[in-house]
Number of protein chains: 2
Amino acid sequence: MKPSIPQGFRDFNAGILHRRSYIINTIKEVFELYAFEPLETPAMENLETLMGKYGDEGDKLIFKVLNNGLDHSSKQENARQQFENILLGKTDKFITERALRYDLTIPFARFVAMNHAKLTMPYKRYQIQPVWRADRPQKGRYREFYQCDADVAGTYSLISDVEFCQIYSTVFSRLKLNVRIKINNRKILSALAEVCGIPEKMVAITGAIDKLEKIGLDKVKEELSQNDLTEKQIQIIVNYINIDGTNEEKLAKIEPLLLESETGREGIDELKFILEYSKKASNDQSLVLDFTLARGLNYYTGTIYEVTATDAKMGSIGGGGRYDDLAGLFGVTGVPGVGISFGLDRIYDVLEELNLFPESITHSPTALFFNMGEKESQFTFEIMQKCRTANIPCEMYFEPAKMNKQFKYATNKNIRYAIIIGSKEMESNRCEVKDLTSGDQSSLDMEELIPFLKKNNS
Amino acid sequence: MKPSIPQGFRDFNAGILHRRSYIINTIKEVFELYAFEPLETPAMENLETLMGKYGDEGDKLIFKVLNNGLDHSSKQENARQQFENILLGKTDKFITERALRYDLTIPFARFVAMNHAKLTMPYKRYQIQPVWRADRPQKGRYREFYQCDADVAGTYSLISDVEFCQIYSTVFSRLKLNVRIKINNRKILSALAEVCGIPEKMVAITGAIDKLEKIGLDKVKEELSQNDLTEKQIQIIVNYINIDGTNEEKLAKIEPLLLESETGREGIDELKFILEYSKKASNDQSLVLDFTLARGLNYYTGTIYEVTATDAKMGSIGGGGRYDDLAGLFGVTGVPGVGISFGLDRIYDVLEELNLFPESITHSPTALFFNMGEKESQFTFEIMQKCRTANIPCEMYFEPAKMNKQFKYATNKNIRYAIIIGSKEMESNRCEVKDLTSGDQSSLDMEELIPFLKKNNS
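Rules of the game
Residues numbered from 1 in each chain as written. Chains lettered and ligands numbered in written order. Predicted model: local features only at pLDDT ≥ 70, side-chain atom pairs only at ≥ 80, totals over all residues. Heavy atoms only, no water. Contact = heavy atoms within 4.5 Å. Buried area = accessible area lost by both parts, 1.4 Å probe. Salt bridge = Lys/Arg side-chain N within 4 Å of Asp/Glu carboxyl O. Helix = DSSP H or I, 4+ residues; strand = E, 2+ residues; numbered from the N terminus. Buried < 20%, exposed > 50% of the residue type's maximum accessible area, 1.4 Å probe, protein only. Polar contact = N/O pair within 3.5 Å; in protein donor to acceptor, adjacent residues only side chain to side chain. Least-squares fit on C-alpha atoms with pLDDT ≥ 70 in both. Pairing = 2+ DSSP bridges. Axes fitted to C-alpha atoms, helices over the stretch in contact; angles between N-to-C directions. Phe/Tyr/Trp six-rings, centres within 6.5 Å; stacked < 30°, edge-to-face > 60°. Lys NZ or Arg CZ within 6 Å of the ring centre and 35° of its normal. Arc of directions from axis to C-beta.

Asker: Got a minute to help me understand the interface of chain A and chain B in this structure?
Answerer: At the junction of the two partners, chain A supplies 101 residues and chain B supplies 100 residues. Carbon and sulfur atoms make up 61% of the area that chain A and chain B hide from each other, which totals about 9000 Å². Across the chain A-chain B interface, the total number found is 6 salt bridges. One salt bridge connects Glu395(B) with Lys124(A), and the closest N-O pair in it is separated by 3.1 Å.

Asker: Explanation requested: the environment of Ser190(A) in the structure shown.
Answerer: With respect to the helices and strands, Ser190(A) occurs in helix α7 (residues 186–195). Setting aside chain neighbours within four positions, we find Ser190(A) in contact with Met202(A) and Thr263(A).

Asker: Where do I start with helix α7 (residues 186–195) of chain B in this structure?
Answerer: Since one α-helical turn is 3.6 residues long, residues separated by three or four positions face the same way. All names here are of chain B. With respect to burial, α7 is a largely interior element, 8 of its 10 residues being buried. Arg186, Lys187, Ile188, Leu189, Ala191, Leu192, Ala193 and Val195 are the residues of α7 that are buried. Each element contacted by the buried residues of α7 is listed here: β7 (179–185), α8 (202–210), α10 (231–241), α11 (247–257), α12 (262–281) and β9 (303–309). Capping the start of α7 is the job of one residue whose side-chain oxygen sits 2.8 Å from the backbone nitrogen of lysine 187: asparagine 185. With its phi angle positive at about 85°, glycine 197 sits one or two positions after the end of α7.

Asker: Please explain the relation of the copies chain A and chain B as it appears in this structure.
Answerer: For the pair of chain copies, the relating transformation is a rotation about an axis with a translation along it. Of the transformation placing chain A onto chain B, the axial shift is 0.0 Å and the rotation is 180°, giving an RMSD of 0.1 Å. The symmetry that links the two subunits is that of a two-fold axis. In terms of C-alpha distance to the rotation axis, chain A has Val65(A) as its closest residue, with the C-alpha 2.2 Å off the axis. Comparing contact sets, 99% of the residues at the interface of chain A also lie at the interface in chain B, consistent with an isologous, same-surface contact.

Asker: Whenever I open this one, the sheet that holds strand β12 (residues 367–369) of chain A confuses me. Can you help?
Answerer: Think of a sheet as strands paired side by side through backbone hydrogen bonds, with each pair either parallel or antiparallel. All names here are of chain A. Read across the open sheet, the 5 strands follow the order β13-β12-β14-β15-β16; overall the sheet is mixed. Bordering the open sheet on either side are β13 (394–396) and β16 (441–445), each of which pairs with just one other strand. Ignoring strand direction, the axes of neighbouring strands in this sheet form an average angle of 25°. Note: strand β14 (residues 417–420) against strand β15 (residues 430–435), 4 bridges, orientation antiparallel. Bridging from a neighbouring strand, isoleucine 419 pairs with valine 433 of β15.

Asker: Just checking my understanding: could you explain the side chain of Lys413(B) for this structure?
Answerer: As for its placement among the helices and strands, Lys413(B) is situated in the loop between α15 (403–412) and β14 (417–420). On the basis of relative accessible area, Lys413(B) is assigned to the buried category, the value being 10%.

Asker: Hey, could you run me through the side chain of Asn371(A) in this one?
Answerer: All names here are of chain A. Among the secondary structure elements, asparagine 371 is positioned in the loop between β12 and α14 (374–389). By relative accessible area, which is 3% here, asparagine 371 ends up buried. Among the polar contacts made by the side chain of asparagine 371, one reaches the main-chain amide nitrogen of glycine 373 at a distance of 3.2 Å.

Asker: What is the right way to look at the sheet that holds strand β9 (residues 303–309) of chain A in this model?
Answerer: All names here are of chain A. With mixed pairing, 8 strands are arranged side by side in an open sheet as β1-β5-β6-β11-β10-β9-β7-β8. Of all the strands in the sheet, just β1 (37–38) and β8 (287–289) have a single pairing partner and so form its edges. Set on the sheet, helix α1 (residues 14–33) makes contact with β5 (123–132), β6 (144–153) and β11 (337–343); between it and β6 the angle comes to about 5°. Lying on the sheet, helix α6 (residues 158–174) is in contact with β5, β6, β7 (179–185), β8, β9, β10 (318–323) and β11; it crosses β11 at an angle near 10°.

Asker: What exactly am I supposed to notice about the packing of aromatic side chains here?
Answerer: Ring pairs (aromatic) are described by centroid distance and by the angle formed between their planes. Residues and elements named next belong to chain A. Per the counting criterion, the structure on display carries 45 aromatic pairs over all chains. With centroids separated by 5.2 Å and ring planes inclined at 85°, the aromatic side chains of tyrosine 397 and tyrosine 409 adopt a geometry described as edge-to-face. On the criterion of sequence distance, the pair formed by tyrosine 397 in the loop between β13 and α15 (403–412) and tyrosine 409 in helix α15 is long-range, its members being 12 residues apart. Members of the aromatic cluster, connected to one another through ring pairs, are Phe31, Phe36, Tyr126, Phe164, Tyr168, Phe172, Tyr305 and Phe342. When the ring centre of phenylalanine 108 is taken as origin, the NZ or CZ atom of arginine 125, which lies over that ring, is 4.1 Å away.

Asker: Teacher, can you tell me more about the pattern of salt bridges here?
Answerer: Side chains that carry opposite charge are capable of pairing whenever their charged atoms lie near each other. All names here are of chain B. The full count for this structure, using the stated rule, is 44 salt bridges over all chains. Between aspartate 345 and arginine 10 there is a salt bridge, and its shortest N-O distance comes to 2.8 Å. A residue pair is termed long-range when its members are at least 10 positions apart, and aspartate 345 in helix α13 (residues 344–353) and arginine 10 in the segment before α1 (14–33) qualify at 335 residues. Judged by its relative accessible area of 16%, arginine 10 is buried.

Asker: Help me understand unusual backbone geometry in this model?
Answerer: Comment: phi is negative for the bulk of residues other than glycine, and the bulk of peptide bonds are trans. All names here are of chain A. For the bond running from methionine 121 to proline 122, omega is -10°, close enough to zero to count as cis. Relative to the elements of secondary structure, proline 122 occurs in the loop between α5 (105–115) and β5. Phi is positive for aspartate 228, close to 70°, though the residue is something other than glycine. On the secondary structure map, aspartate 228 appears in the loop between α9 (212–226) and α10 (231–241).

Asker: Teacher, can you tell me more about α15(B) here?
Answerer: Within the sequence span of α15(B), burial applies to Gln406(B), Tyr409(B) and Ala410(B). The arc that holds the buried residues of α15(B), viewed along the axis, is 100°, so those residues lie on one side. Exposed residues pointing more than 90 degrees away from the buried face of α15(B) are listed as Asn404(B), Lys405(B), Lys408(B) and Thr411(B). Of the surrounding secondary structure, the elements contacted by the buried residues of α15(B) are β5 of chain A together with β12 (367–369) and β13 (394–396) of chain B.

This is the structure in structure tokens:
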């Protein structure tokens, strides 16, 4: 049997993991700087916690876990009776009761609903864990991938919305990645449908606008027309889409358009608040008002965010927004939420493409001690243990192999120093140190070794 | 609907996660000090990768993932035809083809088998990831738990066995936990069966000895007798079990007992090598030879390890051993392996019980900026952002709530400094800083704030 892994899943070796850790640690440090605390939820949730939360398409992509013990006769009978219904997708309760986490937002909502009485509110949590989706695998789309989320539960304050803009800006500036942080407000999209006189068509309008970048203005107009919008209504939307200029100019231009809608004025005020706060808090120019930003998910009710890398062709590398009723799905009302997510895999690909990973992130051992024979290696082992006690990552080649082979091992593992202690060196209590980067070689007294490695161990 | 999580699964809040990270980071640092590199494998493996590797009992505890798209008619027909077989546990290939990782050793073996041509051998990897088992949940036993493993593939050198003793010793000494690192060698257990004249009963003998601590010597004798061992054979085993003294004394006593067995002499030589090397490498007294150590898993062929905490009642908190044929299950022969595992949950419980978690591991924000009103909070926000730019983790209360409420929030979140900037302070460009630990309060010039927090931000 030739071993393999399932389609859409990946092994991560050391080189990749160090790069992923660099991104994850950067995000985590900024989350903690902003006083978010970590949370981890289990890989499996009860099936009913997840089902019905991601739309019909989402439901189909949830990985369900088979119940154990189906070979017990009592459980078999139930499953047997229900089998047709199971196959028709009408029920699967006798064969599966649990499923793998599909995102981090629903488990967070479930956690808040379960623990809201004990939590210090507002509750600011971050969560960095894998999620699983039975999507068709393709380039850049996997069935197991990490999400990096931060959310605040329990405040309507827009200061938290401001902070999420700042978090995006800080993380990407630390990653040295130029980005555009686009913001909009769902209330403005609502108001647009309202001033068109068709508030009930907000989802259709939003859906069409959402595709603008992909399909272009003409196709958007076509789609709107197919949704029975009149010429006049479509013209209002085109005027809306065409709003341009600086953030301030855009705000000035949208005000007359949505003047009649109270929701619209609220949305504009909220955006103004966020932009004003943000401007005072930092000089960052990356925050861009974009009225065409819609975000697919329908649970957003206020501010929405989306981040793109300006120097790379790639979809959004982050997104989020405010939702008025976080835990309502689980019976706990009155807990608003706002949050953002970082797309780890895409950020990785962009940093790779733009060559933005720092050199220093690989953690190679500092030194390889050569194995020069039985007696020598025992002596060398003692010396090496002293280095490790001094916190210098290092190793000894396990077998007294040919020098070539040992050098090759060091080079493959990106180890900087080869340290050779043969019988001659044992007698004189010295060691040969070869810098495999520069080729320099020197003979050191054994007492000098640790200080030397410490000094050169960047 | 009242939300819940599945039995045997857990949410981890910040307090718990910081403690878990403390353990995980300690282990990880030592693994890297010993030049192990990280590996992560996917949560799901192909079913055939896992099945049949953990014995019949293990197979039953593997969580299988239901295939998606079972509501497509083509897939339904297959499943329908096989349904009886599925229920009888004879097959489930039409409804499940993937399963969740049950441990980290088999995925490691699968990875080595898939990549052995590309890997730099010997390959030293560590892996710290959750695993899932459908065990009956009980105190201290969960269905999702972390394993922390390090293994070397591709060397017969006993120096790697020595290093695993040193890794155990270093990790637990950094965690300030007193332990007993028990070692034995499977060859010695083989030899014991051999000198009893019943090599075919090695598994039964080992199984009985393995229970010694739990059931006592009399019951062990009983079990051996039930396995048709003669009085004389049982006496040899009792003599073996009764060997005591220092490591050196034990070695001296076992030699005559196993003299006739070549395997036995090999096992003794290997243990001698490990003990001698270890002694020269450190003064650690925790390495204890224990001939009654057997380890349940039958794939071990050489050195075996088990660690217990000396000051707590708790089963083993770590274990491992050498296995001659790591990747043979996946068609790649001639790759020996040796490795150890740390039991994160049990180590956590022991550190908790013995009160060994350092105070400093919780990452509370350094300061809470009070929200004193609309104008004040905007001014305060700017000051706070400067602190964050100076890398001081802090936050502002989102709403202009009563002072009491804001103080309570700070206390709940274990935040040390409350910083108050009211209209008076805004005018004088000063702030009030209250140390919530000591109760000290002082008025600082705004320029002094960052240096003050930096200095006191332990």
